[in-house]
Amino acid sequence: YQESETLFQEAIAILRELDPAAREELTAALTMYGGLLTSLERKEDSLAAMAEALAIRRSLYGEIHPGVAASYNNLGTFYMRQGDQDEAERYLRLSLDLKRQLYGESNIRVGRSLANLAVVQHRRGQYREAEQLNSEALPIFVAALGEDHPHVAFLLENMANDQLELGRHEEAMATYRASLERMETIFGTDNVEYGISLSNVGGALVVMGRYQEASDYLEQADVIYVETLGPEHPQVLANKAKWASAQFGLGNYAVVEAETRRILAETEQLYDVHESIAGPREFLGRAVLARDRPEEAVPILKQSVEDWRAASGDANNNVWRASIYYAEGLIALGRYEEAEALLAESYPALDDFLGAGHPDTRSARDIYRRLYVAWKRPGQAARYEPVRPSGGVSESGAGGQVDAAR
């Protein structure tokens, strides 16, 4: 990266001194340089480079030009990765509208914009709109690229993520399997991309409460990851964290505690703030709590809330979910008023964001009920008796993670 940065800076300096005919090449260099700066976590410098590229293109071509549409897309994906989904949506819609003017409705560039916008809507919890956008993109991708193309497989996986969040579990699993079959056809069974798909299916099965199946998929993914990436790669650690969530669902709390402590020892050396720290710490706290050590668990669970807040922002379902388990720890210590304050904020937010039938929402409702049972307030406890979803009941509370985009 350091050598790359030096070369980009030299190239940009030369291009700035050339006559206006080189301005388009300057925008290309600035765009690539912005991508490098994002990798280096220099967000403000990255944004400045991409914004300059957009300004130059608009001055050269006006508003209706492929380069302007590309710059809007680049800024949208930048904001998406920084967690600012409002700005991401704004720029991606500008890009989509412009591409439709330039290329019509069925061009692959339009399909890519639809898919990018779907990722943003998924991250905002707008799962129905995300699924609709992916459904619009899919026939465009198939027509342009063919059925057995990686981008088609990735898009199917994203659609499955939407269906999972909408509670359509059997449909989601069928879509996951369709994606996985394509990944096997394209890459074979010893390729990291196939491993990623196995890991994503495993994470989805955790959410569905199918913990043993999840564990089997995640163990298969682990073999591929270790062989292709090495045992210390961050992707290996992230998959191990999903496996730990499956083990939690199976009740193997001692295993979860040992594994999450090991994962944290590795990931805290890699990141200052990251979901790969927040997730394992949350499960460590829950495992310690499940092993009847609430005094030790509560500080860990409190820190997991702060970790998620730093990684995901305040108004995020990860923060709300971690807060309900922090509240569970407080209940075990008899700190009922603190627990009630956390649940009063987190339960309605989860209910609104994920819906009443989601496992995390049902867990929050159950912990709310247990608070008032412990507090000897049966009237209030009765307000939070379980609401059973139609079509069967699955155990809640494992909180597995599924990637929103490849």
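Please refer to the structure placed before this passage.
Bear in mind that the values here come from a model prediction, so they are computed numbers and not experimental data. Positions within a chain are numbered from 1, following the residues in the order the chain's sequence is written. A pLDDT threshold of at least 70 governs which residues receive local features in this predicted model, and a stricter bar of 80 or more applies before side-chain atom pairs are shown or counted, although totals over entire chains, interfaces and linings include all residues. In computing side-chain properties, one takes all heavy atoms of the structure into account and sets aside hydrogens as well as water.

Asker: Even after reading the chapter, I still don't get the nonpolar core, so can you show me in this structure?
Answerer: Nonpolar side chains tend toward joint burial in soluble globular proteins. One finds I324, Y326, L343, Y368, L371 and Y372 to be the most contacted residues of the largest nonpolar core, which totals 38 residues. Runs of H or I in DSSP of at least four residues are treated as helices and runs of E of at least two as strands, each being numbered from the N terminus. Residue contributions to this core peak at nine residues, all from helix α16 (residues 317-332). Setting aside chain neighbours within four positions, we find L343 in contact with I324, A327, P348, A364, I367, Y368 and L371. By size, the runner-up hydrophobic cluster in this structure holds 32 residues, among which are A88, Y91, A118 and V120. Definition used in this section: a nonpolar core is a set of buried Ala, Val, Leu, Ile, Met, Phe, Trp, Tyr and Cys residues joined via side-chain atoms within 4.5 Å. In this scheme, a residue with accessible area under 20% of its type's maximum is buried, one over 50% is exposed, and one in between is partly exposed, where area comes from a 1.4 Å probe on protein chains only. A contact between two residues is defined here by any heavy atoms of the two lying within 4.5 Å.

Asker: Teacher, can you tell me more about unusual backbone geometry here?
Answerer: For residues besides glycine, phi is generally negative; the peptide bonds are generally trans as well. Positive phi is not limited to glycine here, since D292 has a value of about 65 degrees. Mapped onto the elements, D292 comes out in the loop between α14 (275-290) and α15 (294-312). You will see that K376, though not glycine, has its phi angle at about 60 degrees, which is positive.

Asker: Help me understand the packing of α14 against α16 in this model?
Answerer: For any two helices packed against each other, the geometry is given by the interaxial angle and the distance between the axes. Axis definition: a line fitted to C-alpha atoms, limited for helices to the stretch in contact. Angles are taken between N-to-C directions and run from 0 to 180 degrees. Between α14 and α16, the shortest axis-to-axis distance is 11 Å and the interhelical angle comes to 25 degrees. Compared by their axis directions, α14 and α16 come out roughly parallel. In the packing of α14 onto α16, the handedness of the crossing is left-handed. Along the contact surface, α14 presents E282, R286 and L289, while α16 presents R321, A322, Y325, E328, G329 and A332. Note on terminology: angles under 35 degrees are roughly parallel, angles over 145 are roughly antiparallel, angles of 65 to 115 are roughly perpendicular, and the others are oblique. Note on convention: the crossing is left-handed when the near helix lies turned anticlockwise from the far helix by less than a right angle, right-handed when the turn is clockwise.

Asker: Is there a simple way to think about the side chain of S363 in this case?
Answerer: Along the chain, the position of S363 falls in helix α18 (residues 359-374). A distance of 3.3 Å separates polar atoms of two side chains, one belonging to S363 and the other to Y325. We call two N or O atoms a polar contact when they sit within 3.5 Å, provided that within protein one can donate a hydrogen and the other can accept it, with sequence-adjacent residues counted only if both atoms are side-chain atoms.

Asker: It is not clear to me how helix α8 (residues 150-165) should be interpreted in this structure. Could you clarify?
Answerer: Since there are 3.6 residues in each turn of an α-helix, residues three or four apart along the chain are aligned in direction. Look at α8: 23 Å from first C-alpha to last across 16 residues, which is about the 22 Å you get at 1.5 Å a residue. Positive backbone phi, at 85 degrees, marks G167, one or two positions downstream of α8. Working rule for helices: expected span equals 1.5 Å times residues minus one.

Asker: How should I be thinking about the packing of helix α12 (residues 234-249) against α14 in this particular structure?
Answerer: Relative orientation of the contacting elements α12 and α14 amounts to 25 degrees, with a least axis distance of 10 Å. Between α12 and α14, the angle falls in the class roughly parallel. Crossing handedness for the pair α12 and α14: left-handed. Residues A241, S245 and F248 of α12 form the contact with α14, whose own contacting residues are P280, F283, R286 and A287. In the scheme used here, Gly and all other residues not listed as nonpolar or charged are polar, with Ala, Val, Leu, Ile, Met, Phe, Trp, Tyr, Cys and Pro taken as nonpolar and Asp, Glu, Lys and Arg as charged. Here the residues of the contact of α12 with α14 sort into five nonpolar, one polar and one charged.

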